Amino acid sequence: GENVEQHPSTLSVQEGDSAVIKCTYSDSASNYFPWYKQELGKRPQLIIDIRSNVGEKKDQRIAVTLNKTAKHFSLHITETQPEDSAVYFCAALAPSNTGKLIFGQGTTLQVKP
Amino acid sequence: DAGITQSPRHKVTETGTPVTLRCHQTENHRYMYWYRQDPGHGLRLIHYSYGVKDTDKGEVSDGYSVSRSKTEDFLLTLESATSSQTSVYFCAIRGLTGTGNEQYFGPGTRLTVT
């Protein structure tokens, strides 16, 4: 079945710097890759997603890139702010009609003021 | 928040007791999912449902059962709770717009088994 690996597990950056989180997936048939942000004690919130027919997608300070050949995708946050501090999860859609998402292990991002 | 609620929000129970968690949605979503979240493991799928009385296992289904007798409610039952089931449980629904693959989560239930 699908497997998703996420790196790094923790990331600390200075306010204003960029942050990059990377994920790899195992099943080349996966075609949908969302990213979630989870603040402490809160539910995961969908922040951006990408389909396999697109190489890059941007939404203000966040962007996601997808390399289908290498089976990896990345989240890029530019001009980081303290409120970006959270746990970020990547996921890949299992190739079926069930909508099952396989999640990475999570990255704790700390943005230092 | 996609009209998803979970109850209870917090529960402490003893080993060996049965526990039922409820997920309720108000927007007629067909697909519903139960995940558990543990440090270092991300979110892992326990069971999911693709319609009334239609359910299937996820990757960590041992020790759990589910039921869906009506569209709006998806119940997760721990028949005999164990300490390894101490976790935060999230329910999710599959969205009806966008790509149709987006999942939106409920607020979670923190379960402690002593």
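Scroll up to find the structure.
Now for a quick tour of the structure. (Residues numbered from 1 in each chain as written. Chains lettered and ligands numbered in written order. Predicted model: local features only at pLDDT ≥ 70, side-chain atom pairs only at ≥ 80, totals over all residues. Heavy atoms only, no water.)

**Side note on the pattern of salt bridges**
Residue and element names in this part refer to chain B. For clarity, the cut-off: The term salt bridge refers to a pairing of a side-chain nitrogen on Lys or Arg with a carboxyl oxygen on Asp or Glu at a separation within 4 Å. Helix numbers and strand numbers start at the N terminus; a helix is a DSSP run of H or I with at least 4 residues, a strand a run of E with at least 2. Buried, partly exposed and exposed residues are distinguished by accessible area as a fraction of the type maximum, computed with a 1.4 Å probe on protein chains only: under 20%, between the cut-offs, and over 50%, respectively.
This structure, assessed with the given rule, holds seven salt bridges over all chains. A salt bridge links R22 to D73; the shortest N-O distance between them is 3.1 Å. Taken as a pair, R22 in strand 3 (residues 19-25) and D73 in strand 8 (residues 73-78) lie far apart in primary sequence, 51 residues in all. Judged by its relative accessible area of 33%, R22 is partly exposed. Between R36 and D38 there is a salt bridge, and its shortest N-O distance comes to 2.8 Å.

**Regarding the nonpolar core**
Note the cut-off: Each nonpolar core is a collection of buried residues, namely Ala, Val, Leu, Ile, Met, Phe, Trp, Tyr and Cys, held together in the definition by side-chain atoms within 4.5 Å. By definition, residues are in contact when any of their heavy atoms lie within 4.5 Å.
One finds W35(A) and F73(A) to be the most contacted residues of the largest nonpolar core, which totals 24 residues. Going through the elements one at a time, strand 3 (19-25), strand 4 (32-38), strand 5 (45-51), strand 7 (62-67), strand 8 (72-77), strand 9 (86-93) and strand 11 (107-112) of chain A are the ones with two or more residues in this core. For F73(A), the contacting residues outside a window of four places in its chain are I21(A), K22(A), C23(A), Y25(A), F33(A), W35(A), T65(A), L66(A), C90(A) and A91(A). I4(B), V19(B), Y64(B) and V113(B) belong to the second largest nonpolar core, which has 19 residues in total.

**A word on the environment of L93(A)**
Within the fold, L93(A) resides in strand 9. Between the C-alpha atom of L93(A) and that of T108(A), which follows or precedes it by 15 residues, the distance is 22 Å. Residues within four places of L93(A) in sequence aside, it is in contact with S30(A), N31(A), Y32(A), G99(A), K100(A), L101(A) and N101(B).

**Notes on the state of the cysteines**
Counted only if it meets this: What counts as a disulfide here is a pair of cysteine sulfur atoms lying within 2.5 Å.
Under the counting rule described, the total for this entry stands at two disulfides over all chains. Paired through a disulfide, C23(A) and C90(A) show a sulfur-sulfur distance of 1.9 Å. Around the S-S axis, the bridge from C23(A) to C90(A) shows a dihedral of about -100° and counts as left-handed. Separated by 67 residues along the polypeptide, C23(A) in strand 3 and C90(A) in strand 9 bring together distant segments of the chain. Across a sulfur-sulfur distance of 1.9 Å, C23(B) and C91(B) are joined as a disulfide pair. Handedness of the C23(B)-C91(B) disulfide follows from its S-S torsion of about -70°: it is left-handed. Pair noted here: C23(B) is in strand 3 and C91(B) is in strand 9 (residues 87-94), with a separation of 68 residues, a long-range link. Taking the relative accessible area as the measure of exposure, C91(B) reaches 0% and is therefore buried.

**Here's the deal with the side chain of R36(B)**
Stated formally: Counted as a polar contact is a pair of N or O atoms within 3.5 Å, where, for protein atoms, one must be capable of donating a hydrogen and the other of accepting one, and residues adjacent in sequence contribute only when both atoms are in side chains.
Structurally, the position occupied by R36(B) is in strand 4 (residues 32-38). A distance of 2.9 Å separates polar atoms of two side chains, one belonging to R36(B) and the other to Y64(B).

**A few points about the environment of S80(B)**
All names here are of chain B. Tracing the backbone shows S80 in the loop between strand 8 and strand 9. Judged by its relative accessible area of 42%, S80 falls in the partly exposed class. Between the C-alpha atom of S80 and that of V19, which follows or precedes it by 61 residues, the distance is 7.5 Å.

Geometry only, nothing functional implied.
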